[in-house]
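What follows is the residue order along each chain.
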There are 2 protein chains.
Amino acid sequence: MSVIIAVDAMGADAGPQVAVLGALQALATTKIDKIVLVGRESEITPILSSNPYDTTRIEVVNATEVIDTEESPVAAIKAKKDSSIVVGLNLVKNGKAHAFVSAGSTGALLTGATTIVGRIKGIKRPALGVLLPNTTSGYTFLIDAGANVDVKPEYLLQFAQMGSVYMEHIMGIKSPKVGLVNIGVEKEKGNALTKAAYELLDASNVNFAGNLEARELPSGACDVAVCDAFVGNIILKYAEGLAKGIFGMIKQQLMAKFSTKLGALLAKPAFGKIRKSFDYAEVGGAAFIGLNGLVVKAHGSSNAKAIMNSIIQCEKFISADVVGKIKEVIDLKGDDTNGI
Amino acid sequence: MSVIIAVDAMGADAGPQVAVLGALQALATTKIDKIVLVGRESEITPILSSNPYDTTRIEVVNATEVIDTEESPVAAIKAKKDSSIVVGLNLVKNGKAHAFVSAGSTGALLTGATTIVGRIKGIKRPALGVLLPNTTSGYTFLIDAGANVDVKPEYLLQFAQMGSVYMEHIMGIKSPKVGLVNIGVEKEKGNALTKAAYELLDASNVNFAGNLEARELPSGACDVAVCDAFVGNIILKYAEGLAKGIFGMIKQQLMAKFSTKLGALLAKPAFGKIRKSFDYAEVGGAAFIGLNGLVVKAHGSSNAKAIMNSIIQCEKFISADVVGKIKEVIDLKGDDTNGI
């Protein structure tokens with residue numbers, strides 16, 4: 001099948017340059033048929049003109065408005081019909097693109113994705129999944145990392161099912177191990193939500209490995225870590241802050257004395273490798289899944305490499321027909337399609 | 001006032017040696033009037049006999065049973081009346097000790113503390129507070145770190161009030177800054193719980209600094225970080241796992257080549273300092289506050305130093321009359337004393 005990916009040229013903090021160059025780099029390294037750059041043509045065209053590219057694989061769709069991160073998501077999606085986010089999401093809705101990548105407002109993107117692109121029939125809540133680097137097996141897929149802060153046990157089951165499809169078909173892990181993020185390993189541990197979710201997961205079609213203590217997350221004990229978006233986002237942001245804090249302390253301590261300074265100089269290549277494994281640019285954004293299509297939220301501070309990796313993630317998602325695979329595993333019993 | 005602290009001699013994974021030696025070390029470095037060692041006399045006495053100590057400051061109270069971490073907390077507290085935990089908590093209840101330190105079953109200790117020692121009038125739920133090391137100001141008091149997984153907004157307000165008293169009177173921080181652990185800084189961010197708690201905190205007598213993103217926790221942006229025990233425990237355990245993971249990766253990378261190995265050798269003193277700031281033995285356990293007295297949960301894997309630091313924490317708590325101070329700041333309006 002042909003693969004067409006729409007990219008929000010306006011979303012990144014660093015301006016359109018980042019998305020345009022990321023798109024060109026993605027075209028150079030993949031077989032993606034076409035990338036549609038969405039945003040202000042007057043800003044995109046000059047960047048394109050100064051870089052060599054295959055004109056048959058790049059298209060620009062003009063969108064004159066931009067949604068700021070400060071705006072109310074619901075109001076902005078309604079009011080700014082010609083924003084890069086609304087125009088890009090409509091390309092997915094209308095079958096003009098298979099996926100949309102944006103580094104813009106998370107709230108507006110998620111709200112717009114659900115209302116414009118729409119959910120897969122039977123999916124109660126689409127969820128945001130992020131590949132967290134771990135110290136052994138590579139990555140753990142944390143789902144939900146940012147979309148649904150107040151959830152029901154049955155949503156967590158669907159997150160587990162979607163996460164399993166993702167890890168199997170995108171990351172090539174056969175029968176991915178699913179852990180329920182919890183504060184103890186025993187079945188009866190946790191809050192009302194996790195206790196109920198445990199029962200559902202245990203009786204489900206996923207490879208459920210039981211409760212997963214946050215302590216075990218970095219070691220790669222599970223392939224899929226399931227939680228609500230409040231807990232998921234705490235984990236994601238805390239990892240960022242703690243890694244930064246630890247590396248900052250190391251640097252400060254190493255620079256305190258000549259002998260440790262010399263040691264640091266010699267040890268530098270080792271630190272480079274570790275920092276790389278905590279670099280979000282390497283991973284390629286958060287996948288909003290459960291939609292009739294794919295929407296990827298890239299970090300606001302993305303560079304061209306991060307956008308490129310986000311686009312590459314989309315290509316794998318589309319080629320593997322993850323949407324179709326999700327439809328196969330989702331239990332439609334008792335579905336009301338209203339997501340209640 | 002005289003200070004008497006009861007210590008569970010049976011709780012630590014490493015056996016009674018740890019608690020007994022920790023108690024003797026605490027006596028040597030503080031003016032604590034007396035430490036009461038609670039547990040099997042037949043196991044405690046031989047350890048005491050082989051160490052010099054002031055017999056007027058050590059007392060042994062025999063308790064023949066031990067509660068295992070696998071037992072149901074409620075059932076164990078009911079059934080094992082002669083366990084070190086039940087006997088120790090009764091010493092606090094009956095005014096024979098001001099505080100009780102245990103490295104035993106967390107569930108049994110918290111359940112027993114609430115039912116035996118009892119809550120301060122007006123306190124809806126006692127909570128577990130932990131000093132998390134940060135990279136700037138020293139420590140952030142995380143409350144609730146393990147007691148109440150399903151909470152109401154008004155509990156969070158009381159956690160903030162108790163945490164503020166702790167940081168002011170134990171850590172000497174004037175008007176401690178309170179942050180509500182959340183997934184965004186804006187007032188309207190978060191789940192139903194945090195949105196409601198924000199309003200209460202904003203209108204309260206604490207120095208409320210607004211929402212605190214988990215990313216900012218390690219930097220010491222706030223003195224008190226308020227959350228439910230599910231989120232608090234996730235943070236606590238994830239910090240443990242992630243720090244271990246990062247240090248493990250650093251070690252692995254440093255040992256990969258001769259040049260980085262040499263660098264590591266030179267840099268070693270710097271790493272020692274950082275590891276020390278992540279060492280739970282330095283902090284001294286988690287304080288269960290909101291009770292008519294103090295109960296401190298020490299880590300199961302505590303060494304003598306960790307027990308010593310837990311005891312020292314108790315001494316400060318009692319000398320500063322934290323219980324009295326909490327009574328002063330708690331809003332008794334609408335109190336039902338049933339904690340509903």
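Below: a short report on this structure.

Rules of the game
- Within any chain, residue numbers begin from 1 and follow the written order of that chain's sequence.
- Whichever chain is written first is A, and whichever ligand is written first is 1; the rest continue in order.
- Residues qualify for local features only when their pLDDT is at least 70, as the model is predicted, and side-chain atom pairs are given and counted only at 80 or more; totals for whole chains, interfaces and linings, by contrast, use all residues.
- Heavy atoms throughout the structure, all of them, feed into the side-chain values; hydrogens and water do not.
- A run of DSSP states H or I qualifies as a helix once it reaches four residues; a run of E qualifies as a strand once it reaches two. Both are numbered from the N-terminal end.
- A radius of gyration in this sense is built from C-alpha atoms; the matching globule rule multiplies 2.2 Å by the number of residues raised to 0.38.
- For the exposure calls, accessible area comes from a 1.4 Å probe over protein chains only, and a residue counts as buried if that area is under 20% of its type's maximum, exposed if over 50%, partly exposed in between.
- Working rule for contacts: check all heavy atoms of both residues, and any pair within 4.5 Å makes them a contact.
- For the accessible areas, the method is Shrake-Rupley and the probe is 1.4 Å, while residue cover comes only from the protein chains on display.
- Asp and Glu are treated as the negative residues and Lys and Arg as the positive ones, with His and the ends of the chain left uncounted.
- Lys charges are placed at NZ, Arg charges at CZ, Asp charges at CG and Glu charges at CD.
- Our superposition of the copies is a least-squares fit, built on the C-alpha atoms of residues whose pLDDT is at least 70 in both.
- When a carboxyl oxygen of Asp or Glu lies within 4 Å of a side-chain nitrogen of Lys or Arg, that pair is called a salt bridge.
- Note on terms: buried area is the combined drop in 1.4 Å-probe accessible area of two parts once they are placed together, counting the loss on both.
- Under this definition, polar contacts are N or O atom pairs within 3.5 Å; protein pairs additionally need one hydrogen-donor-capable and one acceptor-capable atom, and for neighbouring residues in sequence, both atoms have to be side-chain atoms.
- Like charges within 9 Å and nonpolar side chains (Val, Leu, Ile, Met, Phe, Trp, Tyr) within 5 Å are joined into patches, using only residues over 30% in relative accessible area that form no salt bridge.
- Any two strands are treated as partners once DSSP identifies two or more bridges connecting them.
- The convention used is that axes are lines fitted to C-alpha atoms, helices contributing only their stretch in contact, and that angles between N-to-C directions extend from 0 to 180 degrees.
- Reported orientations rely on four angle classes, namely roughly parallel under 35 degrees, roughly antiparallel over 145, roughly perpendicular from 65 to 115, and oblique for the rest.
- Each crossing gets its handedness from the near helix: less than a right angle anticlockwise from the far helix is left-handed, clockwise is right-handed.
- Residue polarity is assigned by list, with Asp, Glu, Lys and Arg as charged and Ala, Val, Leu, Ile, Met, Phe, Trp, Tyr, Cys and Pro as nonpolar; anything else, Gly included, falls into the polar class.
- Directions pointing from the helix axis toward each C-beta atom define the arc.

### So, the overall build of chain A
Within chain A one finds 12 helices and 11 strands. Relative to its length of 340 residues, chain A is compact, with a C-alpha radius of gyration of 21 Å against a globular reference of 20 Å. Taken over the C-alpha atoms alone, chain A extends approximately 70 × 60 × 35 Å along its principal axes. Counting only residues that meet the buried cut, chain A has 57% of its 340 residues in that class. Within chain A, counting contacts between residues at least 6 apart in sequence, those at least 24 apart form 71% of the total. For chain A, the computed accessible surface area is about 13,500 Å², with 53% contributed by carbon and sulfur atoms. Across chain A, the centroid of the 35 positively charged side chains sits 4 Å from that of the 33 negatively charged ones.

### Regarding the relation of the copies chain A and chain B
Superposing chain A onto chain B requires a rotation of 180 degrees together with a translation of 0.0 Å along the rotation axis, leaving an RMSD of 0.1 Å. Both chain copies can therefore be described as sitting about a two-fold axis. Of every C-alpha in chain A, the one belonging to Gly263 of chain A sits nearest the axis of rotation, 1.9 Å from it. Comparing contact sets, 100% of the residues at the interface of chain A also lie at the interface in chain B, consistent with an isologous, same-surface contact.

### Some details on the pattern of salt bridges
Taken as a whole, this structure holds 18 salt bridges over all chains when the rule is applied. When the shortest N-O distance is used, the salt bridge between Lys237 of chain A and Glu213 of chain B registers 2.6 Å. Taken together, the residues span two chains, with Lys237 of chain A in helix H8 (residues 229–254) and Glu213 of chain B in strand E8 (residues 207–213). Given the relative accessible area of 14%, Lys237 of chain A is considered buried.

### Here we look at the interface of chain A and chain B
Contact residues are listed per partner, giving 49 residues for chain A and 49 residues for chain B. Both faces combined, the contact of chain A with chain B buries some 4,600 Å², and carbon together with sulfur accounts for 78% of it. Among the residues of chain A in contact with chain B, Ile183, Phe230 and Tyr238 of chain A are the three that bury the most area, contributing 16% of the side total. Note that Glu240 of chain A and Arg215 of chain B form a salt bridge whose closest N and O atoms lie 3.3 Å from each other. If you look at where chain A meets chain B, you find eight residue pairs in polar contact (both at pLDDT 80 or more). Only strand E7 (177–182), helix H7 (192–202), H8 and helix H9 (258–277) of chain A provide two or more residues apiece to the side of chain A that touches chain B. In terms of residues, the side of chain A that touches chain B owes the most to one element, H8 of chain A, which gives 20 residues.

### Let's talk about a nonpolar patch on the surface
Residues and elements named next belong to chain A. On the surface, a nonpolar cluster with roughly 350 Å² of combined accessible area is contributed by Phe258, Leu262 and Leu265. Summarising the element assignment, Leu262 is placed in helix H9. Relative accessible area serves as the criterion here: at 36%, Leu262 is assigned to the partly exposed category.

### A look at the sheet that holds strand E10 (residues 286–289) of chain B
All names here are of chain B. Pairing in this open sheet of 11 strands is mixed, and the strands run E3-E2-E1-E4-E11-E10-E5-E6-E9-E7-E8 from one edge to the other. In this open sheet, the two strands that pair with only one neighbour each are strand E3 (58–62) and E8. Neighbouring strand axes in the sheet, compared pairwise and without regard to direction, differ in orientation by 25 degrees on average. Pairing of E10 with strand E11 (residues 294–297) involves three bridges; the strand directions are antiparallel. The residue of E11 that forms the bridge with Ala286 is Lys297. Lying over the sheet, helix H1 (residues 16–29) contacts strand E1 (4–8), strand E2 (34–39) and E3, oriented at roughly 175 degrees with respect to E2. Strand contacts of helix H8 (residues 229–254): strand E5 (127–133), strand E6 (139–143) and strand E7 (177–182), with the helix running at about 30 degrees to E5, the strand carrying the most contacts.

### Focus on the packing of helix H6 (residues 153–169) of chain B against helix H7 (residues 192–202) of chain B
Residues and elements named next belong to chain B. Taken N-terminus to C-terminus, the directions of H6 and H7 make an angle of 50 degrees; their axes are 8 Å apart at the nearest point. With respect to H7, the axis of H6 lies oblique. Like other packed secondary-structure pairs, H6 and H7 cross with a definite hand, here right-handed. Taken together, the residues of H7 that come into contact with H6 (itself represented by Pro153, Glu154, Leu156, Leu157 and Ala160) are Leu193, Ala196, Ala197, Leu200 and Leu201. In terms of residue class, the contact of H6 with H7 is made up of nine nonpolar, no polar and one charged.

### Here's the deal with the sheet that holds strand E1 (residues 4–8) of chain A
All names here are of chain A. Taken in spatial order, the 11 strands make up an open sheet running E3-E2-E1-E4-E11-E10-E5-E6-E9-E7-E8, and their pairing is mixed. In this open sheet, the two strands that pair with only one neighbour each are strand E3 (58–62) and strand E8 (207–213). Along the sheet, successive strands turn relative to each other by an average axial angle of 25 degrees, direction set aside. In the sheet, strand E5 (residues 127–133) pairs with strand E10 (residues 286–289) via three bridges, with the strands oriented antiparallel. Residue pairing in the sheet places Ala127 in a bridge with Ile289 of E10. Sheet strands in contact with helix H4 (residues 84–93) are E1, strand E2 (34–39), E3, strand E4 (99–102) and strand E11 (294–297), and its direction is about 160 degrees off that of E4.

### A look at H7 of chain B
Regarding H7 of chain B, the residues found buried are Leu193, Thr194, Ala197, Tyr198 and Leu201 of chain B. The arc enclosing the buried residues of H7 of chain B, seen along the axis, measures out at 130 degrees, which places them on a common side. Lining the buried residues of H7 of chain B we find H8 of chain A together with H6, E7 and E8 of chain B.

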